[in-house]
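Okay, here's what each chain looks like letter by letter:
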Number of protein chains: 2
Amino acid sequence: MNNVFKALADPHRRELLDLLYKENGQTLGDLCKCMSMSRQGVAKHLALLEVAQLVVVVWQGREKLHYLNPVPIQQIHDRWIGKFEGERLQALDTLRKALDDQNDA
Amino acid sequence: MNNVFKALADPHRRELLDLLYKENGQTLGDLCKCMSMSRQGVAKHLALLEVAQLVVVVWQGREKLHYLNPVPIQQIHDRWIGKFEGERLQALDTLRKALDDQNDA
DNA sequence: TCATTATGCAACCATATGGTTGCATGTCAA
DNA sequence: TTGACATGCAACCATATGGTTGCATAATGA
């Protein structure tokens, strides 16, 4: 779970996920064409995405195909975001009251 | 948006959000009691959460009350996670097929 | 076979990050 | 007023992070 949050923290890595979202199963070379960074730089980012299992790779000959794995994102939603979503309106209400109190004082 | 992702990347900061989820409107001192870290360490983490607007502060005399703001989390869900959710089943299917092809070869 | 292509591995570097300590400031209460 | 309490600010340090370069390895195709 922590690996997923950390992997999502970098904008370049989110960009890579976007690229795979647009076209799944791209090679490292494909992805490099869209990123202004050395191949090794891109490879490092992809490695972190793999560790977080946000990306799954399939070898085909000498080519490494990268596929999006939506499961970790779903888990973050279910186990983490969902929790805050449920209490969202209440939290907003508490916050408004606190700000009102501050203005009164 | 990037600030939010970055703020969520650290487990201590997610812990702070959890603490505020359990009890909203805590002071820095309150939060420090639950964290095994110096007060200044906690304050630094809270500062990042404030920048990301995940936490909103209200001054009351010499006390700084911290409140959860659920809006950024909701935005991440709507603008980012929701996108991948829609194509989730398709992405999983594509992934399975790719893995099958690999096994065949 | 051999040049080319796709990728991996390792060293290296600059900067960001997460933590500490020490001291300063502002508020409360006796 | 004064001491105690809640917090802020700044310097400092170790390590993590994001990037590079150079070289190694493996598959493809002429």
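## Re the packing of helix H2 (residues 11-22) of chain B against helix H4 (residues 39-51) of chain B
Residues and elements named next belong to chain B. Running from amino to carboxyl end, H2 crosses H4 at an angle of 80°, the nearest separation of the two axes being 10 Å. In terms of their interaxial angle, H2 and H4 are classed as roughly perpendicular. Contacts between H2 and H4 involve His12, Arg13, Leu16 and Leu17 from the first element and Val42, His45, Leu46, Leu48 and Leu49 from the second. Looking at the contact of H2 with H4, its residues break down into 6 nonpolar, 2 polar and 1 charged.

## Details of the packing of aromatic side chains
Considering all chains together, one arrives at 6 aromatic pairs over all chains under this definition. Taken together, a centroid distance of 5.3 Å and an interplanar angle of 70° make the contact between Tyr21 of chain A and Phe84 of chain B edge-to-face. Note that Tyr21 of chain A is positioned in helix H2 (residues 11-22) and Phe84 of chain B in helix H5 (residues 71-86), a pairing that runs across two chains. For Phe84 of chain B, a relative accessible area of 5% corresponds to the buried category.

## Some details on the protein's contact with DNA strand D
With respect to spatial proximity, 22 residues lie near DNA strand D, and among them Ser38, Lys44 and His45 of chain A together with Gly29 and Lys64 of chain B are the closest. Sugar plus phosphate, as a fraction of atoms of DNA strand D within 4 Å of the protein: 55%. In the model, a phosphate oxygen of DNA strand D is placed 2.6 Å from a nitrogen or oxygen of the Ser38 of chain A side chain. It is helix H4 (residues 39-51) of chain A that provides the largest number of residues to the surface near DNA strand D, a total of 5 residues. Within the surface near DNA strand D, the residues separate by chemical class into 4 nonpolar, 9 polar and 9 charged.

## Regarding the domain arrangement of chain A
Residues and elements named next belong to chain A. Structurally, chain A comprises domain 1 (1-69) and domain 2 (70-105). Summing both sides of the interface, domain 1 and domain 2 together bury roughly 680 Å²; the carbon and sulfur share of this comes to 83%. On the domain 1 side of the contact with domain 2, Met1, Phe5 and Asn69 bury the most area, a combined 67% of that side's loss. Here domain 1 and domain 2 share 0 salt bridges between them. Counting the contacts that link domain 1 with domain 2 gives 1 residue pair in polar contact (both at pLDDT 80 or more). Residue composition of the side of domain 1 that touches domain 2, grouped by class: 6 nonpolar, 2 polar and no charged.

## Some words on the nonpolar core
Judged by nonpolar contacts, the single largest core of 48 residues is most densely connected at Leu17 and Leu54 of chain A together with Leu17 and Leu54 of chain B. The contacts of Leu17 of chain A, once residues within four sequence positions are left out, are Leu8, Leu49, Leu54, Val55 and Leu68 of chain A together with Trp80 and Phe84 of chain B.

## Notes on the pattern of salt bridges
Opposite charge on two side chains permits pairing when their charged atoms draw close. Enumeration over the complete set of coordinates arrives at 8 salt bridges over all chains. A salt bridge links Lys83 of chain B to Asp18 of chain A; the shortest N-O distance between them is 2.7 Å. Taken as a pair, Lys83 of chain B in helix H5 and Asp18 of chain A in helix H2 lie in two separate chains rather than in one. Judged by its relative accessible area of 29%, Lys83 of chain B is partly exposed. The salt bridge partner of Glu50 of chain A is Lys64 of chain A, with a shortest N-O separation of 3.2 Å. Pair noted here: Glu50 of chain A is in helix H4 and Lys64 of chain A is in strand E3 (residues 63-68), with a separation of 14 residues, a long-range link. Residue class for Glu50 of chain A comes out partly exposed when judged on its relative accessible area of 25%.

## A look at the interface of chain B and chain A
Tallying the contact residues gives 39 residues for chain B and 39 residues for chain A. When the buried area of chain B at its contact with chain A is split by residue, Tyr21, Trp80 and Phe84 of chain B rank highest and sum to 16% of it. Scanning the region where chain B abuts chain A turns up 2 salt bridges. Connecting chain B to chain A are 9 residue pairs in polar contact (both at pLDDT 80 or more). With 10 residues, H5 of chain B is the single largest residue contributor to the side of chain B that touches chain A. Residue composition of the side of chain B that touches chain A, grouped by class: 23 nonpolar, 8 polar and 8 charged.

Rules used throughout
- Residues numbered from 1 in each chain as written.
- Chains lettered and ligands numbered in written order.
- Predicted model: local features only at pLDDT ≥ 70, side-chain atom pairs only at ≥ 80, totals over all residues.
- Heavy atoms only, no water.
- Axes fitted to C-alpha atoms, helices over the stretch in contact; angles between N-to-C directions.
- Helix = DSSP H or I, 4+ residues; strand = E, 2+ residues; numbered from the N terminus.
- Parallel < 35°, antiparallel > 145°, perpendicular 65-115°, else oblique.
- Contact = heavy atoms within 4.5 Å.
- Nonpolar A, V, L, I, M, F, W, Y, C, P; charged D, E, K, R; others polar.
- Phe/Tyr/Trp six-rings, centres within 6.5 Å; stacked < 30°, edge-to-face > 60°.
- Buried < 20%, exposed > 50% of the residue type's maximum accessible area, 1.4 Å probe, protein only.
- Near = heavy atom within 4 Å.
- Polar contact = N/O pair within 3.5 Å; in protein donor to acceptor, adjacent residues only side chain to side chain.
- Domains from an automatic or database assignment.
- Buried area = accessible area lost by both parts, 1.4 Å probe.
- Salt bridge = Lys/Arg side-chain N within 4 Å of Asp/Glu carboxyl O.
- Core = buried A, V, L, I, M, F, W, Y, C linked by side-chain atoms within 4.5 Å.

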